[in-house]
Amino acid sequence: MGKEKAHGARKALITELEALIPQLDEAGLEFLVEQARIHLYNMKVDELNSLAQDLTSPAGTAGRKKPQEAGTTPQPGPVFQIKAGSGGGSYHVSYRGNWKLFSDTEMLAMVRIVQGPGSQEERAARLFRWLKTERLDVLQDIPFQGATDPLLAEFATLLQKTFAIKNR
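This is a predicted model, so every value here is computed, not measured.

Peer 1: I'd like a description of the overall build of the protein, backed by residues and values.
Peer 2: Summing up its helical and strand segments, the protein has seven helices and three strands in all. Order of helices (α) and strands (β) in the protein, N terminus to C terminus: α-α-α-β-β-β-α-α-α-α. Each of the 168 residues in the protein was classed as buried or not, and the buried ones make up 27%. When contacts within the protein are restricted to residue pairs at least 6 apart in sequence, those whose partners lie at least 24 apart make up 46%. Summed over its atoms, the accessible surface of the protein is roughly 12400 Å², and 57% of this surface lies on carbon and sulfur atoms.

Structure, rendered in structure tokens:
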């Protein structure tokens, strides 16, 4: 019964939205489209974070741990991972299981910064400023402490190793 009720509520919202659309001007329609895109983006991020949480939780591994050889310490997985989105227009960056979605334009901007002129410290400072200006949400989820943070340097190095900008 819960699924039917949810479906009915969804159908009522769609009907209401369809009735309102003819009354909206172009600016109103642009606003709704932008809000829909933002909401879809947030839904995708939530889905990826949920998936990552499931994979990293003890229940998600179902108790399957590889036996460890005597005298060895377990090696943690990479701190950062970058994966291309299925549609080719986005990239997913994972920091310890927490996923952040970047558009191809944003990824290109970051790669240009880390492969640009100057020392590694100068490029890291530019990357930090870019994140602070363009993607403050990333700084809330990944604990970069500033431009000189070794974690930021690790991320910049991964960007440098993962991507190459081809000269035209």
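Now that the structure has been shown, we can carry on.
Peer 1: Could you give an account of unusual backbone geometry, naming the residues involved and the relevant values?
Peer 2: Negative phi characterises most residues that are not glycine, and trans characterises most peptide bonds. In this model, arginine 96 sits at a positive phi of 50°, which is unusual for a non-glycine residue. With respect to the helices and strands, arginine 96 occurs in the loop between β2 (90-95) and β3 (98-103).

Peer 1: So, the side chain of serine 94: which residues are in play, and what are the values?
Peer 2: Its location among the elements puts serine 94 in strand β2. Its relative accessible area of 5% is what places serine 94 among the buried residues. Setting aside anything within four residues of it in sequence, one finds serine 94 in contact with Val79, Phe80, Gln81 and Trp99.

Peer 1: I'd like a rundown of helix α5 (residues 120-134), residues and numbers included.
Peer 2: The end-to-end C-alpha distance of α5 is 21 Å, a good match for the 21 Å that 15 residues give at a rise of 1.5 Å each. Looking at α5, one finds that the buried residues are Arg123, Ala124, Ala125, Leu127, Phe128, Trp130 and Leu131. Against α4 (104-114), α6 (136-141) and α7 (150-162) lie the buried residues of α5.

Peer 1: So, the pairing of β2: which residues are in play, and what are the values?
Peer 2: Burial analysis of β2 places six of its six residues in the buried class, which makes it a mostly covered element. The two faces of β2 match: Ser90, His92 and Ser94 on one face and Tyr91, Val93 and Tyr95 on the other face are all buried. Of the strand pairs in this sheet, strand β1 (residues 80-84) and β2 are connected by five bridges, and their pairing is antiparallel. Bridge pairing in β2 links alanine 84 to tyrosine 91. What sits between the antiparallel neighbours β1 and β2 is a turn of five residues, in which glycine 88 has the positive phi angle 85°.

Peer 1: Help me get a handle on the packing of α5 against α7, residues and values and all.
Peer 2: α7 packs onto α5 with a crossing angle of 100° between their chain directions and a minimal axis gap of 10 Å. As judged from the angle between their axes, α5 and α7 are roughly perpendicular. Between α5 and α7, the contacting residues are Gln120, Arg123, Ala124, Leu127, Phe128 and Leu131 on the first element and Leu152, Phe155, Ala156, Thr157, Leu159 and Gln160 on the second. When the residues that make up the contact of α5 with α7 are grouped by side-chain class, the tally is eight nonpolar, three polar and one charged.

Peer 1: Run through the nonpolar core, naming residues and quoting values.
Peer 2: Ranked by internal contacts, the top residues of the largest apolar core, which has 27 residues, are Phe80, Met107, Met110, Leu127, Leu131, Phe144 and Leu159. Among the secondary structure elements, those contributing two or more residues to this core are β1, β2, α4, α5, α6 and α7. If sequence neighbours within four positions are ignored, leucine 159 has contacts with Ile82, Met107, Met110, Val111, Val114, Gln115 and Leu127.

Thresholds applied
- Residues numbered from 1 in each chain as written.
- Predicted model: local features only at pLDDT ≥ 70, side-chain atom pairs only at ≥ 80, totals over all residues.
- Heavy atoms only, no water.
- Helix = DSSP H or I, 4+ residues; strand = E, 2+ residues; numbered from the N terminus.
- Buried < 20%, exposed > 50% of the residue type's maximum accessible area, 1.4 Å probe, protein only.
- Contact = heavy atoms within 4.5 Å.
- Areas by Shrake-Rupley, 256 points an atom, 1.4 Å probe, with all protein chains shown as cover.
- Expected span 1.5 Å × (residues − 1).
- Pairing = 2+ DSSP bridges.
- Axes fitted to C-alpha atoms, helices over the stretch in contact; angles between N-to-C directions.
- Parallel < 35°, antiparallel > 145°, perpendicular 65-115°, else oblique.
- Nonpolar A, V, L, I, M, F, W, Y, C, P; charged D, E, K, R; others polar.
- Core = buried A, V, L, I, M, F, W, Y, C linked by side-chain atoms within 4.5 Å.

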